[in-house]
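Spelled out from the first residue to the last, the chains are:
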Amino acid sequence: MIVDVQHVTKSYQGSKNILRDVSFTVEKGECLGLVGESGCGKSTLAKCLLRMEPIDSGSIQFNGQAIESLSERKLRPIRRKMQIVFQNPTASLNPKLKIKDSLLDPIEQLKGEADLNYFQFTSKKDYIRQLLEVVELPASMADRYPHQLSGGQRQRVTIARAISMEPELIVLDEPTASLDVISQGVVLELLDDLRRKLNLSYLFISHDLAAVHQMSQRIMVMKDGEVTDLFDKEDIFSDQRHAYTKELISIF
Amino acid sequence: MILSIKDVTIKNKDNTIIDNVSLSIREGEWFALVGQSGSGKSMITQAIGQLLPSSLKVEGNIYLRDTDLLSLDKKEIRQVRGKRITYIFQNYLGSFTPFHTIEHHFKEYMRVQGLNDTKLQNERMIESLESVALSQHLLKRFPSQLSGGQLQRVSIALALLFSPDIVIADEMTTALDSVSGYKILELLKQRQKETNCTILFITHDWRHVRKYADRLAVMKDGQIIESGGKHRILDHPQHSYTKQLIKAAPLLRKQLPSGLDQEEIL
Amino acid sequence: MKAMTINIDQRKKTKWKKVIAITAIILVIVSLLYTFAYLRHDSNHVDMGNRLAGMSLEHPLGTDHLGRDMLTRIWIGAQYTIGYSALALLASLLIGVPIGLLSGYFKGMIDRVFMRSADAFLAFPDTIVAIVLAGLLGPGIGNLILAITLIKWVNYARLVRSTVLAESQKEYIWIAKMNGLSPRKIVSKHLFPHVIGSVLVMASLDFGKVILLISAFSYIGLGVQPPMPEWGAMLNELRPYFNSMPQLMLYPGLAIVIVVLLTNLLGDYLRDYFDVKKEGKV
């Protein structure tokens, strides 16, 4: 078990609860899909899971260690093992930095050796070439600026950065929502490949049930800050599904 | 044919943006124009209502029944726009003036179309709000106080107010999440059944095409590469680009891309 | 096609600018050499027998009311006018940029303190503050530079702060924080490159304004004091001879105009230089 979230509650001042008693787990090597309408709390959940936002109550364990109240300093080595890919690749890359400089950000923070298994490299240049290769981009992209890349290519760069420290968990927050249809398909395929290759776990957040169904082993449905349904991919058409899940299915 | 686009070419100073496009849309059908952003699909819909900037030159003919829309002068096209052709846009906030109430939008639109009787105006307004399942008290609100879904419902109500020949819906659900987008399209479908209007539906989302369209055309780089009935194109695409597009959109069920179940065909 | 036409237009424009810049540089070098290697006048050497002389090889721009060589005085004046302006701007940058970076990145208390004090300065027009300060501290170039710095840092701090505030909202800063980058590293690696371009462009545009400000204050007697040949001070000194020898006032005036124009060109160049979107194509 990579992630174990139990009874997490979160509210912002002056508004109703954003997250209400949310519990779920993510297994090693698994892709857990998370579907819901905008405003159902799925992005807040992602931020709480990565400790970008504090939670009100409940517990979050990452690899068996409780992280909900760890200090920022103790959190640092754990952070490396959990990454996020946002919806908008343009805002996720510094437009003033070359691709290679963005990619080097995580590893440059390491004091001492990086304990990487998949990426074995002799120089920074070699490392970047491998990172780009794994997301199927040519090595020549390293010296470009983000605006010289297409949206799909940019999103691949942010994926390369997310896997650069060989994390155990990646939260994918609508990673294809801002891409055109063809790039969407290609990026989803790439993500699926990487999960197998690097034995990654994903929390895949989307409002596109079909994409979630394609990518995930289990699917979680949220509505108004609550988990209304959590089921294995194969059981999606089962009669036991929650009424809201059925409504979602009928759309597709 | 209610709308025929014949050999339309759109150029700016240096480039041909739309290259010799022809389309025919039948009365009462839901016609989808599919393509990636930048393929030129929006530009064609804007050419229909002469909404393009004057720096773009439009050649060819666009017939609404027997009228060539491109030959109309500014005054004449204004009478066609809003009465016989109406638009619903993606950017619902931009479609409304932020400092006018919903009621103001309705009344102004009716005045422009020559309906000045207050009693009649009120009747029409309430009737049309009911038809899109919105309550009357929204009339006093400002656009920013309504949700995206509600605003698109108002857009539908306004677009259908004077029973137009054709409604052009340009990516109208793209800015909404999938559940509210779905509800809006269900509503549009229902209203189409009731009023028998024709819909030209611009989208990049196969789900909507699969569910609602009767016929469709696929655009790429300013050209129509394939057009025909929904089942023909989705299940038996001819062009490699169409195949690529269909393959890229995941399906939930094991079914044919058009939505027909495998068994039904066998 | 469309993109290409724009490119050609821009190339024409840059070429034109290059011609101006190179011509100016050549003129400057030739005239500098002539003045200091060949003529070797003392800018403050009074020669009453030769006052208000016209153009000659010995005095290419003539002499002023005390018989001092105008060309030499313009050149010596350039050191003061440009040097003091650069000093005032540099001081403003050194105060404004760090304050803007800190305010925008850390927000909270630091931001409130800095920005409220900036608002206080902004409430008064530049010239009024400078006059009041000069009045309080007494006339003199040191006080004038102090006054200009106190006025100008606010603009830089605000520009930097608003850029940093906008960029900090973006996901790449979130990700950098998550990846353990220290605040110092985030500011220097991620935020500074966003800021430096616009700051230098603004500074190069301000350069002209500051030159005018120093000259204006020297003209009314609050800045550089005679006999120092600052351009504004020279204008002031030569005022009584405007009717008989108008060209004497024209020279320092023209010098100011040329420098302001050149700094604006420099600003254009810097803007292009720091815009990564300009280099290379997709």
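About the criteria used
Residues numbered from 1 in each chain as written. Chains lettered and ligands numbered in written order. Predicted model: local features only at pLDDT ≥ 70, side-chain atom pairs only at ≥ 80, totals over all residues. Heavy atoms only, no water. UniProt positions renumbered as here; feature names shortened; annotations may be inferred. Helix = DSSP H or I, 4+ residues; strand = E, 2+ residues; numbered from the N terminus. Buried < 20%, exposed > 50% of the residue type's maximum accessible area, 1.4 Å probe, protein only. Contact = heavy atoms within 4.5 Å. Areas by Shrake-Rupley, 256 points an atom, 1.4 Å probe, with all protein chains shown as cover. Disulfide = S-S within 2.5 Å. Patch = residues over 30% accessible without salt bridge, like charges linked within 9 Å, V, L, I, M, F, W, Y side chains within 5 Å. Salt bridge = Lys/Arg side-chain N within 4 Å of Asp/Glu carboxyl O. Polar contact = N/O pair within 3.5 Å; in protein donor to acceptor, adjacent residues only side chain to side chain. Nonpolar A, V, L, I, M, F, W, Y, C, P; charged D, E, K, R; others polar. Buried area = accessible area lost by both parts, 1.4 Å probe. Pairing = 2+ DSSP bridges. Axes fitted to C-alpha atoms, helices over the stretch in contact; angles between N-to-C directions.

The name recorded for chain C in an unreviewed UniProt entry is ABC transporter permease subunit, from Gracilibacillus oryzae. The heading Sequence similarities (unreviewed entry) in the UniProt record of chain C holds the text "Belongs to the binding-protein-dependent transport system permease family. OppBC subfamily." Listed under Subcellular location (unreviewed entry) in UniProt, the entry text for chain C is "Cell membrane".

Under the annotation held in an unreviewed UniProt entry, chain A carries the name ABC transporter ATP-binding protein and is attributed to Gracilibacillus oryzae.

Caption draft 1: Up close: the overall build of chain C. Across its full length, chain C carries nine helices and zero strands. Going from N to C terminus, chain C has its helices and strands arranged as α-α-α-α-α-α-α-α-α. Each of the three principal axes of chain C carries a C-alpha extent, and together these read 75 × 55 × 30 Å. Out of the 282 residues in chain C, the part that is buried amounts to 43%. Excluding contacts between residues fewer than 6 apart, the proportion of contacts in chain C whose partners are at least 24 apart in sequence is 69%. Here chain C has roughly 14900 Å² of accessible surface; of this, 69% comes from carbon and sulfur atoms.

Caption draft 2: Seen up close, the state of the cysteines. All names here are of chain A. Applying the stated criterion to the full structure yields zero disulfides over all chains. Cys48 supplies the cysteine sulfur nearest to Cys40, a cysteine that is in no disulfide, at a spacing of 13 Å. With relative accessibility at 1%, the residue Cys48 sits in the buried group.

Caption draft 3: Region of interest: the UniProt feature "transmembrane region" (unreviewed entry) in chain C. Residues and elements named next belong to chain C. Cross-referencing UniProt, the feature "transmembrane region" (unreviewed entry) maps to residues 20–39, 82–106, 127–151 and 248–267 in the present numbering. Annotated as 100% helix and 0% strand, the span residues 82–106 places its first and last C-alpha atoms 36 Å apart. Helix makes up 100% of residues 248–267 and strand 0%, whereas the separation of the span's terminal C-alpha atoms amounts to 30 Å.

Caption draft 4: Summary view of a nonpolar patch on the surface. Residue and element names in this part refer to chain C. A contiguous nonpolar patch, built from Trp16, Ile20, Leu250, Leu254, Ile258 and Leu262 and spanning about 560 Å² of accessible area, is present on the exposed surface. Contributing elements (two or more residues each) for the nonpolar patch: helix H1 (2–39) and helix H9 (246–274). The biggest single contributor to the nonpolar patch is H9, with four residues. Secondary-structure assignment places Trp16 in helix H1.

Caption draft 5: Summary view of the UniProt feature "domain: ABC transmembrane type-1" (unreviewed entry) in chain C. Following the UniProt record, one finds the feature "domain: ABC transmembrane type-1" (unreviewed entry) at residues 78–267 of chain C. Helix makes up 84% of residues 78–267 of chain C and strand makes up 0%, while its end C-alpha atoms are separated by 19 Å.

Caption draft 6: Geometry of the interface of chain A and chain B. Between chain A and chain B, the residue contacts involve 22 residues of the former and 18 residues of the latter. For the interface between chain A and chain B, the tally reads zero salt bridges. Seen at the junction of chain A and chain B, the total is three residue pairs in polar contact (both at pLDDT 80 or more). Looking at the side of chain A that touches chain B, the elements that each hand over two or more residues are helix H7 (181–198), helix H8 (209–215) and helix H9 (243–251) of chain A. Per-element tally for the side of chain A that touches chain B: the top contributor is H9 of chain A, with six residues. Its residues assigned to classes, the side of chain A that touches chain B shows twelve nonpolar, six polar and four charged.

Caption draft 7: Focus on the interface of chain A and chain C. Each partner contributes to the interface: chain A provides 24 residues, whereas chain C provides 22 residues. Across the interface of chain A and chain C, roughly 2400 Å² is buried in total on both sides, 60% from carbon and sulfur atoms. Applying the counting rule to chain A against chain C returns three salt bridges. For Lys189 of chain C, the salt bridge goes to Glu108 of chain A, with nearest N and O atoms at 3.3 Å. Counting across the interface, chain A meets chain C through ten residue pairs in polar contact (both at pLDDT 80 or more). For the side of chain A that touches chain C, the elements supplying multiple residues, two or more each, are helix H2 (72–79), strand E6 (82–85), helix H3 (89–92) and helix H4 (99–108) of chain A. No other element matches H4 of chain A, which puts four residues into the side of chain A that touches chain C. Looking at side-chain class alone, the side of chain A that touches chain C contains eleven nonpolar, six polar and seven charged residues.

Caption draft 8: Here's a closer look at the sheet that holds strand E7 (residues 166–170) of chain B. Residues and elements named next belong to chain B. Taken together, the six strands give an open sheet; going across it, the order is E6-E7-E8-E3-E9-E10, and neighbouring strands pair in mixed fashion. Only two strands of the sheet have a single neighbouring strand rather than two, namely strand E6 (85–88) and strand E10 (223–229). Taken pair by pair, the neighbouring strands of this sheet meet at an average axis angle of 15°, ignoring direction. Bridging between E7 and strand E8 (residues 198–203) involves five bridges; their strand directions are parallel. Note that in E8 the partner of Ile166 across the bridge is Thr198. Contacts between helix H1 (residues 41–48) and the sheet are confined to strand E3 (30–34), E6, E7, E8 and strand E9 (215–220), with E8 contributing the most and set at about 145° to the helix.

Caption draft 9: Focus on the pattern of salt bridges. Summed over the entire model, instances satisfying the criterion amount to 40 salt bridges over all chains. One salt bridge in this structure joins Lys100 of chain A and Asp143 of chain A, with 2.8 Å as the shortest N-O distance. You can see Lys100 of chain A sitting in helix H4 and its partner Asp143 of chain A sitting in the loop between helix H5 (124–134) and helix H6 (151–163), a full 43 residues away along the chain. For Asp143 of chain A, a relative accessible area of 44% corresponds to the partly exposed category. The partner of Arg191 of chain B in a salt bridge is Glu194 of chain B, and the shortest N-O contact between them spans 2.6 Å. Highlighted residues: Arg191 of chain B and Glu194 of chain B, both in helix H6 (residues 178–195), separated by three residues, approximately one helical turn. For Glu194 of chain B, a relative accessible area of 47% translates into the label partly exposed.

Caption draft 10: A look at helix H6 (residues 171–178) of chain C. Along H6 of chain C, the residues that are buried comprise Tyr172, Ile173, Ile175, Ala176 and Met178 of chain C. Backbone geometry just after H6 of chain C places Gly180 of chain C at a positive phi near 85°.

Caption draft 11: Spatial organisation of the environment of Tyr241 of chain C. On the secondary structure map, Tyr241 of chain C appears in the loop between helix H8 (231–238) and H9. The residues contacting Tyr241 of chain C, other than those within four sequence positions of it, are Arg51, Leu52, His65 and Pro246 of chain C.

Caption draft 12: Quick peek at the sheet that holds strand E5 (residues 65–66) of chain A. Residue and element names in this part refer to chain A. Pairing within the open sheet is antiparallel, and its four strands lie in the order E2-E1-E4-E5. Bordering the open sheet on either side are strand E2 (17–26) and E5, each of which pairs with just one other strand. Across five bridges, strand E1 (residues 3–11) lies against strand E4 (residues 57–62) in antiparallel orientation. Bridge pairing links Asp4 to Gln61 in E4. Contacting E1, E2 and E4, helix H1 (residues 42–49) runs over the sheet at an angle of about 60° to E2.

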